[in-house]
Amino acid sequence: MSLRALLACALLLAAGPALADPAIGKRVDAVFAGDAVTLTEAGKTVLVYRTKPLDPATEPGRANYVGVLYAPDGTALTEDRPGDHPHQRGVWWAWMKVQTSGETVADGWYMKGLSYFVRSKTFLGDAEGGGTLTVEVDWMVNSGPELAYVARETTRVTVRPLKSGARRVEFDTTITSRVEALGLGGSEDDRGFGGFSIRLVDPEHLTFASGGKTITPNGAAINAGGNMGFAWTGEAAPAWAVGLACKANGQAVTRWMLYNDRSMQNCVFPGRAPLVLKKDEALHLQETLVIRPAPKKKSP
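Okay, so let's go over this structure.

Calculation rules
- Residue numbers restart at each chain and count upward from 1, following the sequence in its written direction.
- Only residues with pLDDT of at least 70 are given local features in this predicted model, and only at 80 or more are side-chain atom pairs given and counted; all residues enter the totals for whole chains, interfaces and linings.
- Water and hydrogen atoms play no part in the side-chain values, which are based on all heavy atoms of the structure.
- Pairing between two strands is assigned when DSSP locates at least 2 bridges connecting them.
- Secondary structure elements are defined from DSSP: runs of H or I of at least 4 residues count as helices, runs of E of at least 2 residues count as strands, and each element is numbered from the N terminus.
- Helix axes are fitted to C-alpha atoms over the stretch in contact, other axes to C-alpha atoms as well, and angles between N-to-C directions run from 0 to 180 degrees.
- Definitions used for this entry: grid spacing 1 Å over protein atoms alone; cavity, a set of points where a 1.4 Å probe fits but cannot get out; pocket, an open set with protein on both sides within 12 Å along at least 5 of 7 lines; lining residue, one with an atom within 4 Å of a point.
- Grid points are joined across faces, edges and corners, and a volume is the space filled by probe spheres set on the points.
- In this classification, the charged set is Asp, Glu, Lys and Arg, the nonpolar set is Ala, Val, Leu, Ile, Met, Phe, Trp, Tyr, Cys and Pro, and all remaining amino acids, among them Gly, are polar.
- We count a salt bridge whenever a side-chain nitrogen from Lys or Arg sits within 4 Å of a carboxyl oxygen from Asp or Glu.
- Partly exposed describes any residue whose relative accessible area lies between the buried limit of under 20% and the exposed limit of over 50%, with all areas from a 1.4 Å probe on protein chains only and scaled to the type maximum.

So, on to the sheet that holds strand β6 (residues 97-100). The strands making up a sheet associate through hydrogen bonds between their backbones, and the pairing can be parallel or antiparallel. Strand order in the open sheet formed by 4 strands is β7-β6-β12-β22, with antiparallel pairing between adjacent strands. The open sheet has two free edges, formed respectively by β7 (103-106) and β22 (275-278), since each of these has just one partner strand. Going from strand to strand, the sheet's axes swing by 35° on average, the running direction of each strand aside. Note: strand β12 (residues 181-185) against β22, 4 bridges, orientation antiparallel. Considered in β22, the bridge of Gly183 is made with Val276.

Moving on to empty space enclosed by the protein. The tally for this structure, following the rule as stated, stands at 1 cavity of 30 Å³ or more. Counted as a void, the largest cavity has a volume near 60 Å³. As for the largest cavity, its lining consists of Gly195, Phe196, Cys246, Lys247, Ala248, Val253, Cys267, Phe269, Leu285 and Glu287. When residues of the lining of the largest cavity are traced back to their parent elements, those giving at least two are β13 (195-198), β18 (240-248) and β23 (282-293). For the lining of the largest cavity, the element with the most residues is β18, which contributes 3 residues. Of the residues belonging to the lining of the largest cavity, the class tally is 7 nonpolar, 1 polar and 2 charged.

The full count for this structure, using the stated rule, is 17 salt bridges. The partner of Glu59 in a salt bridge is Arg81, with the nearest N and O atoms 3.4 Å apart. A residue pair is termed long-range when its members are at least 10 positions apart, and Glu59 in the loop between β3 (44-50) and β4 (65-69) and Arg81 in the loop between β4 and β5 (91-94) qualify at 22 residues. On the accessibility criterion, Glu59 (15% relative accessible area) is buried. We note a salt bridge from Arg62 to Asp80, for which the minimum N-O separation is 3.0 Å. Separated by 18 residues along the polypeptide, Arg62 in the loop between β3 and β4 and Asp80 in the loop between β4 and β5 bring together distant segments of the chain. For Arg62, a relative accessible area of 5% corresponds to the buried category. Look at the salt bridges and you will find they share partners, linking Glu79, Asp84, Arg199, Glu204 and Arg262 into a network.

In structure tokens:
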């Protein structure tokens, strides 16, 4: 896959929300079920947002994430609960260290000691043909003798209408502490991964680019640009390229964990050292995903 495809995703990320193609005239809508919300466009599934765990007895923390994200042609671009890393989800945000008063009480990455209770879910369409799913979520730590309410989350997922065959999905999350000191931190190693992540299909055949340069994963956290482009190589690869940009409290996240083996892709925030929020203090996360057609391969 050419560098041009990856850079085109970065340009779309920087361009801002796109208006609908007048010729398309198709609207984004939502289908509500007991355990998920499916966002659609013209009847085709865009993504499935899980609001309750499929197995609450064994995985009470497996909720509040996108299970499957689809390309405009219906190709599934993410995996949920892959066999190699069953704790990974399609598109999700989590930290290994969830702390109260400096003590680690839960692990949202491996879903230990933390449950998400989605207490409301609403959808609102917009004048351009897109729409926003809003979920209000309570974070409950269940590692002690009693449930502890540690954070309130509001996440908005906005799907923009197709433009020139490209799709834009925006995530906006505010996590507000409900305890005196809520800490969120990444893995306890020099990678420090945690935060917003995506488990793309067929990672062994991914290519990466940022800031006009090809990026090569090396098993460590990489300092790169604020936009990362992903594309697949191979005859059977998805005919799509994906761009991702992340912000935390308005600042671009430029540290990345990238993998060419079977694992997730992560814009690293805040790293190993936890970010500590005082009671009623909030962390604001913003992420933008752009899915666009990959350039057609030239005939030999």
